[in-house]
Amino acid sequence: MPRRYIVHVDIDAFFAAVEVLLDPSLQGKPVIVGGLPHERGVASTCSYEARKFGVHSGMPLRKCYQLCPEGVFVRGNYQVYQAFSERFFRVLHAATPDTEEASLDEAYLELTRCGHIYPSFPAAARDIKRQVEREIGVTVSVGAAPNKILAKLATRRAKPAGFFEIREGEEETYLRGLGIEALPGIGPKAQVVLRLMNIHKIGELWELPRTTLHTLFGQGGDDIYLQSRGIDSRPLVTRTLPKSVSRETTFLEDLWDRRLLLAHLAYLCDRLTLALREDRLYAHVIEVKARYADFKTEIKRRLVLSPLQDMGKIYKIAEELFLELFSGSRLALRLVGVKVSDLVRVRPLSLFEPYSERPERLGRALDQVRDKYGFGSVLTAREKMLDAVYAFEPRRGYVLKTASLTK
Ligand SMILES: [Mg+2]
């Protein structure tokens, strides 16, 4: 197996950096994103100037204000950050398809397969860093190493705006002096346990046999054992974006009843948005297809600027498009379909609760119930109208005529 070369790229103080780009007068000032000083909630990002005052992300805003009263507090705009994030990933995907989007402003790139394009791996990593900084206008930190965990630790060292490489054979030198909290496998509880055993540095952790760690932390103990030695064989999770997702069905017999047609459409939207959530996709284009009794097919589509995943919103647009098509028709329909395209993949952030989190959380709750009780366990009243036409299975939902296209 060829030696791996993994590059971890992370935008420095992402939200704060974007705010400075949008308002250059903030340059050099302590910027705190997440809310105004008197508001509840926590800081989601602090600029490096702000960090000098001791504030950090996750800190309550009031506390930030106490420590840094001269700070510039901004609420932030998730949609803007999302747009920057999409540009960030476009640059990275152009550099190599072996790109894992780890969060809104963070990615792993595996250069193992494309080393021949550049004079050397480090030269490639530095080049990617320059490209991102030029295209996006923010500084990034880049770490390089033979695996993911070391690459991420290297980025920590590179911050802010630097490049740092951990070469094969240098792992121990680099890891020895790091605090145990640097390892992702060591959560707050494990930290307490280890500190009680007077273990504070990764080097001190090496003294513990694997069996001891396993006894203390179970499977997690094995992870700690490997991580502390810089061993990590995880591949990158790269997923290419599908071009579109669609669901359509032919009817048992041609349909004229508008309410029943909309029930089909709602059901198809439900299945489709489930697939979007599973793949963390959001769509810019919604399209409805209708085929008439004479086999003529018509399509209507709409572009939305802020991409959608939510069932309620996608259905509403699909319904409008469908009614535009159907209201002029004198024929019954034999097929209806819904398709979304221009897909983007974005991850919700944990610290920053954006405006659109609620429908997403609702969607996730819905998925949990359905995982347990089956797709048919939760349906809207509109979808329930299909009871009159189709057999119903609690696990699978309705058995439509074109079942393969509705999964
Ligand atoms: Mg970052």
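Residues numbered from 1 in each chain as written. Predicted model: local features only at pLDDT ≥ 70, side-chain atom pairs only at ≥ 80, totals over all residues. Heavy atoms only, no water.

## A closer look at the environment of Ser329
Which entries qualify depends on this criterion: Helical segments are the DSSP runs of H or I of at least four residues, strand segments are the runs of E of at least two, and each set is numbered from the N terminus. Whether two residues are in contact is decided by their heavy atoms, any of which lying within 4.5 Å being enough. Whenever two N or O atoms come within 3.5 Å, that pair is a polar contact, provided that in protein one can donate a hydrogen and the other can accept it, and provided that, for residues adjacent in sequence, both atoms are side-chain atoms.
Looking at the secondary structure, you find Ser329 in the loop between α13 (311-326) and β12 (333-345). With 37 residues separating them in the primary sequence, Ser329 and Tyr292 have C-alpha atoms 8.6 Å apart. Residues contacting Ser329, with those up to four places away along its chain left out, are Trp256 and Tyr292. One polar contact links the side chain of Ser329 to the main-chain carbonyl oxygen of Leu331, over a distance of 2.9 Å.

## Considering the environment of Ser44
Topologically, Ser44 is positioned in the loop between β2 (31-33) and β3 (45-46). With 178 residues separating them along the chain, Ser44 and Asp222 place their C-alpha atoms 32 Å apart.

## Quick look at the sheet that holds strand β11 (residues 297-308)
Heads up, the rule is: Strand pairing follows a simple DSSP-based rule, namely that at least 2 bridges must link the two strands. Axes here mean lines fitted to C-alpha atoms, for a helix over just the part in contact, with angles spanning 0 to 180 degrees between N-to-C directions.
What the four strands build is an open sheet, ordered β9-β12-β10-β11; its pairing is antiparallel. A single partner strand is all that each edge strand has here, and the edge strands are β9 (244-255) and β11. Going from strand to strand, the sheet's axes swing by 15 degrees on average, the running direction of each strand aside. Bridge count for β9 against β12 is eight bridges, and the pairing is antiparallel. Within β12, the position partnered with Leu255 by the bridge is Leu333. Along the sheet face, helix α12 (residues 258-278) touches β9, β10 (281-292), β11 and β12 and points at about 155 degrees away from the line of β9.

## Some thoughts on the packing of aromatic side chains
Cut-off, in case you're wondering: Note on ring pairs: Phe, Tyr and Trp rings are taken, using the six-membered ring of Trp, and paired if centres are within 6.5 Å. Classes follow the plane angle, with under 30 degrees stacked, over 60 edge-to-face and the rest tilted. Throughout this description, buried means an accessible area under 20% of the type-specific maximum (1.4 Å probe, protein chains only), exposed means over 50%, and partly exposed covers the range between. Put simply, a charge is over a ring when the Lys NZ or the Arg CZ is close to the ring centre, within 6 Å, and near the line of the ring normal, within 35 degrees.
The final tally for this structure, using the stated rule, is 12 aromatic pairs. An angle of 15 degrees between the planes, with centres 4.5 Å apart, marks the rings of Tyr5 and Phe121 as stacked. Placement of Tyr5 in the segment before β1 (6-11) and of Phe121 in helix α5 (residues 121-136) is noted, with a sequence separation of 116 residues between them. A residue is classified by how much of its surface remains accessible, and Tyr5, at 2% relative accessible area, is buried. The ring of Tyr108 carries the charged tip of Lys148 above its face, separated from the ring centre by 5.1 Å. Seen from the ring of Phe392, Lys384 lies directly overhead, with NZ or CZ sitting 5.0 Å from the centre.

## Looking at the packing of helix α1 (residues 14-22) against helix α4 (residues 78-95)
When two helices pack together, their arrangement is given by the angle between their axes and by how far apart the axes lie. Note the threshold: Just so you know how the angles are binned, under 35 degrees is roughly parallel, over 145 roughly antiparallel, 65 to 115 roughly perpendicular, and the rest oblique.
Close contact between α1 and α4 brings their axes to 10 Å; oriented N to C, the two are set at 100 degrees. Between α1 and α4, the interaxial angle falls into the category roughly perpendicular. Along the contact surface, α1 presents Phe14, Phe15, Val18, Glu19, Leu21 and Leu22, while α4 presents Val80, Tyr81, Phe84 and Ser85.

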